[in-house]
Amino acid sequence: MKNLSAVFKYSVCFALVLNSALAADLTANLPVRLSEVKAGDRPLELQGTPVQLMQQAPDFKVADQAFKAVKLRDFSGKTVLLSVVPSIDTGVCSIQTKKFNEQVVSLPKDVVLLTISTDLPFAQKRFCQKEQVDKLQVLSDAVWGDFGSNYGLRIKDMGILTRAVLIIDAKGTLVYQQLVPLLSQEPDYQAALNKLKEITKT
């Protein structure tokens, strides 16, 4: 039984390495732009196609904690807030995720909150269990790199997402986008929540 467990573990590790290599290859030819987002004093280059406000939000595919594909279209007809963080188990990202997790109970039932990072699903699951993050979905862009590419939020040469908050209304239109100007800074929670209340009329 131990041998089978070891084989399974190595198989999963090999698959993750392969997926990471494929994702890196897929992002190699993405458009790049110099952004206003900074890490310290250094402006960051973002990869992917930037999204436009008041336009249809592009679909994306990310992985849940069981490596099952989750797509934006799965939440059709609902308002979706996307909390995007570079790495879930770091100080500011942890605070951001827990703060939005606390907000879920006060929101209408047809509002969905998702946190997306490039951490592996294993790490996300461990974080959520440890920090009791159980009211929103924490999803991984590490497997396919689809979200960062489709929304222009992947940081070139770092392999992580820049910090952001986006809101997509029930019609699938991107109605709010906040790119946090400093990677080490928390987002403006109240501005995002005010917009959410405005479009859901709560």
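None of these values were measured; they are calculated from a predicted model. (Residues numbered from 1 in each chain as written. Predicted model: local features only at pLDDT ≥ 70, side-chain atom pairs only at ≥ 80, totals over all residues. Heavy atoms only, no water.)

Peer 1: Please explain the side chain of S117 as it appears in this structure.
Peer 2: Within the secondary structure, S117 is located in strand β6 (residues 111-117). Only 2.6 Å separates the side chain of S117 from the side chain of D119, close enough to count as a polar contact. S117 has contacts with V85, P86, I88, Q124, L139, S140, D141, A142 and L161, leaving out every residue within four places of it along the chain. (Helix = DSSP H or I, 4+ residues; strand = E, 2+ residues; numbered from the N terminus. Polar contact = N/O pair within 3.5 Å; in protein donor to acceptor, adjacent residues only side chain to side chain. Contact = heavy atoms within 4.5 Å.)

Peer 1: Got a minute to help me understand the confidence of the model for the chain in this structure?
Peer 2: In low-pLDDT segments, the atomic positions of the prediction should not be examined closely. For the chain, the mean per-residue pLDDT works out to 89, and 86% of the residues sit at or above 70. Within the model, pLDDT remains below 50 along residues 4-15, and this stretch shows one contact once partners closer than five positions in the same chain are excluded. (pLDDT = per-residue confidence, 0-100.)

Peer 1: Could you clarify how one ought to interpret the pattern of salt bridges in this entry?
Peer 2: Opposite charge on two side chains makes pairing possible when the charged atoms of those side chains draw close. Overall, the coordinates contain seven salt bridges when judged by the stated rule. Between E131 and K98 there is a salt bridge, with the nearest N and O atoms lying 3.2 Å from each other. Residue E131 is located in helix α3 (residues 121-131), and its partner K98 is located in helix α2 (residues 91-103); the two are separated by 33 residues in the primary sequence. On the basis of relative accessible area, K98 is assigned to the partly exposed category, the value being 29%. Here K195 makes a salt bridge to E198, at a shortest N to O gap of 3.3 Å. Of this pair, K195 and E198 both sit in helix α5 (residues 189-200), three residues apart, which is roughly one turn of the helix. (Salt bridge = Lys/Arg side-chain N within 4 Å of Asp/Glu carboxyl O. Buried < 20%, exposed > 50% of the residue type's maximum accessible area, 1.4 Å probe, protein only.)

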